[in-house]
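Fold and geometry: a report
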Amino acid sequence: MLSAFVLASALSAEAIVKFKLNKMEMTARQQMKRSHKLQTLASDWEDFSKRSHEKLLGSSDVTVHNYMDAQYYIDIGIGNPAQSFKVVPDTGSSNLWVPSKQCPVWELPCDLHTKYDSSQSTDYVKNGTAFAIQYGSGACSGFMSQDTITIGGLKVKNQLFAEVTKEPGVAFIAANFDGIMGLAFDSIAVNHAPPVFYNIMDQNLVDTNVFAFYLNRTAGGDGELVFGGTDKAHYTGDFTYVPLTNKTYWEFNMDALTVQGDDFCKGGCHAIADSGTSLLAGPTEAVSEINKRIGAVGVLEGECDSLVEMFADKIIDMVLAKIDEEKICTSLGQCPNPISCYACEGLVKIVKAQLAKESSRTMIKHEMEKVCKALPASTGEATVDCNKLSSMPNVDITLAGKKFTLTPEQYILQVSAGGQTECISGFMGIDVPAGPLWILGDVFMGAYYTVFDFDNEQVGFATAA
């Protein structure tokens, strides 16, 4: 049984269908960070699949995210009888795709996920059109097919989707989902394949052409995706609607984004509501400054600080003993983790340079600390001190003249593993070619119930309950 249920019967005044949004314990990025084995596996696969990846460069490009941060999935069925798949319902793309049984045996991401077998479906119709799409840290390619899609109580007939046979890059190695179900507009769909919700509307499976997301942000909590309406149990107050400015992604104007009185969206800017990423992303320069304001430290800087605190004297002593820098970092347990290994080898070089100047041990440690502070700004994943949440500033986003406030508890992701909790900034830098663009992902959609309205070409937000 798929984890979804039908709320209203066919005789009801309004057909509303609810689906459970399953929340992953950790995103692919977070799992990669915590597992050296997974990092090595992903690195080996990236090297092995590099040529395939390069061949896909220039194919249809989804630049707004790379699914390393996807946090929610739903269960769907493809075929008759239905074959079950976990897919990310993604308002930042438009195609449905899942791995194919026709994947070559060496395609590791396929092997790690459920694969569609067309020979087992009586509703399957061959199409065969080539399919390829490029993401931020991965890509996939294959061919188009047609079959029946089951989502809860809905049966969507004659749905075009992609059977993926190649998944180069690291994005899908650690993914806890099988594929993607795009919910954006057909204007950005590869091969102009109608997105699933287009067929739901065309086949009159819902009475109101809207869908809505409730993203439960509590630990271990699942969310809810509604087709055909909204669920009043999951929001309070009225909706604030913003009209669409572009029917590609769900794009609209954002009036302001302020932190401590400073506006990072002066004069207004473009934004999208994107269920496919857990973060709130924006131009790298602005995000770097926001992360400074909230006290976030980039992963590289954090690793470097920890190394200095724990191993400064050992590194100095081993350099004095003329031990090779690679052996130093390996003996300290910092390699093969690429982040800590890079930071360690950089510190060894600084120690060598300072010893050549006959600097004192105290001066060498001071220079090591300075190097950590000079590392690249925190536009990627950044962490904060969990004990300082109460002193961090609010972030205010203004849409259609209404202020939507994010508190530190809402924009900081608290991830627990191995008995420890890490606090990660919900802001990440990304520069989109057609930008600048702000991406209001799960960090924002978790705080504010979000409805996507096809008929009125608008997105609405209300306080999540």
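What counts and what doesn't
Residues numbered from 1 in each chain as written. Predicted model: local features only at pLDDT ≥ 70, side-chain atom pairs only at ≥ 80, totals over all residues. Heavy atoms only, no water. Helix = DSSP H or I, 4+ residues; strand = E, 2+ residues; numbered from the N terminus. Buried < 20%, exposed > 50% of the residue type's maximum accessible area, 1.4 Å probe, protein only. Contact = heavy atoms within 4.5 Å. Areas by Shrake-Rupley, 256 points an atom, 1.4 Å probe, with all protein chains shown as cover. Pairing = 2+ DSSP bridges. Salt bridge = Lys/Arg side-chain N within 4 Å of Asp/Glu carboxyl O. Phe/Tyr/Trp six-rings, centres within 6.5 Å; stacked < 30°, edge-to-face > 60°. Disulfide = S-S within 2.5 Å.

Here the focus is the overall build of the protein chain. When helices and strands are tallied, the protein chain shows 12 helices and 28 strands. Looking at the protein chain as a whole, 56% of its 465 residues are labelled buried. Put simply, of all contacts in the protein chain between residues at least 6 apart along the chain, 72% involve residues at least 24 apart. Accessible area of the protein chain: about 19700 Å², with a carbon and sulfur share of 50%.

To continue, consider the pairing of strand β5 (residues 83–90). The buried fraction of β5 amounts to 6 of the 8 residues, a majority that puts the element mostly inside the structure. In the sheet, strand β4 (residues 72–78) pairs with β5 via 5 bridges, with the strands oriented antiparallel. Across the sheet, residue Gly77 finds its bridge partner in β5, namely Ser84. Taking the residues between adjacent antiparallel strands as the criterion, β4 and β5 are bridged by 4 residues, where Gly79 takes a positive phi near 100°. In terms of strand pairing, β5 meets strand β10 (residues 179–182) through 4 bridges, oriented parallel. Across the sheet, Pro89 pairs through a bridge with Met181, a residue of β10.

Now for the pattern of salt bridges. Overall, the coordinates contain 10 salt bridges when judged by the stated rule. With a closest N to O distance of 2.8 Å, Asp231 and Lys18 form a salt bridge. Placement of Asp231 in the loop between β12 (223–227) and β13 (235–247) and of Lys18 in strand β2 (residues 17–23) is noted, with a sequence separation of 213 residues between them. Given the relative accessible area of 8%, Asp231 is considered buried. Take Lys18: its relative accessible area is 10%, and that puts it in the buried class. Between Glu457 and Lys247 there is a salt bridge, with its nearest N and O atoms 3.1 Å apart. Taken as a pair, Glu457 in the loop between β27 (448–453) and β28 (458–464) and Lys247 in strand β13 lie far apart in primary sequence, 210 residues in all. Since its relative accessible area comes to 36%, Glu457 is described here as partly exposed. Each of Asp313, Asp317, Arg361 and Lys365 takes part in a single network of salt bridges with overlapping partners.

Here we have 4 strands laid out as an open sheet, ordered β16-β15-β21-β22, and antiparallel in their pairing. Only two strands of the sheet have a single partner each, and these edge strands are β16 (262–263) and β22 (402–406). As judged from the 4 bridges shared by strand β15 (residues 256–259) and strand β21 (residues 395–399), these two strands associate in the antiparallel manner. Bridged to Val259 within β21 is Val395.

Applying the stated criterion across every chain yields a total of 27 aromatic pairs. Here the aromatic rings of Phe185 and Trp250 are separated by 4.6 Å at their centres, their planes lie at 40°, and the arrangement is tilted. Separated by 65 residues along the polypeptide, Phe185 in the loop between β10 and α5 (196–202) and Trp250 in strand β14 (residues 250–254) bring together distant segments of the chain. Exposure class is identical for Phe185 and Trp250. Each is buried. Ring geometry for Phe404 versus Phe444: centroids 6.0 Å apart, planes at 65°, classification edge-to-face. Residue Phe404 is located in strand β22, and its partner Phe444 is located in helix α12 (residues 442–447); the two are separated by 40 residues in the primary sequence.

All right, on to the pairing of β27 then. Along any regular strand, the residues point their side chains to alternate faces of the sheet. Of all the 6 residues making up β27, 6 are buried; the element is thus mostly covered by neighbouring parts of the structure. Relative to β27, strand β11 (residues 210–214) is paired through 4 bridges, and the arrangement is antiparallel. Bridging across to β27, Ala212 finds its partner in Val451. What sits between the antiparallel neighbours β27 and β28 is a turn of 4 residues, in which Glu457 has the positive phi angle 50°.

With that settled, consider the state of the cysteines. Tallying each qualifying case throughout the model produces 5 disulfides. Two residues, Cys103 and Cys110, share a disulfide whose sulfurs are 2.0 Å apart. Disulfide partner of Cys335: Cys341, at an S-S distance of 1.9 Å. In this structure the cystine formed by Cys335 and Cys341 twists about its S-S bond by roughly 80°; its chirality is therefore right-handed. No difference in accessibility class separates Cys335 from Cys341, as the two residues are buried. This cysteine, Cys140, is not joined by any disulfide, and Cys110 carries the nearest cysteine sulfur, 9.3 Å off. Exposure remark for Cys140: the relative accessible area of 0% places this residue in the buried category.

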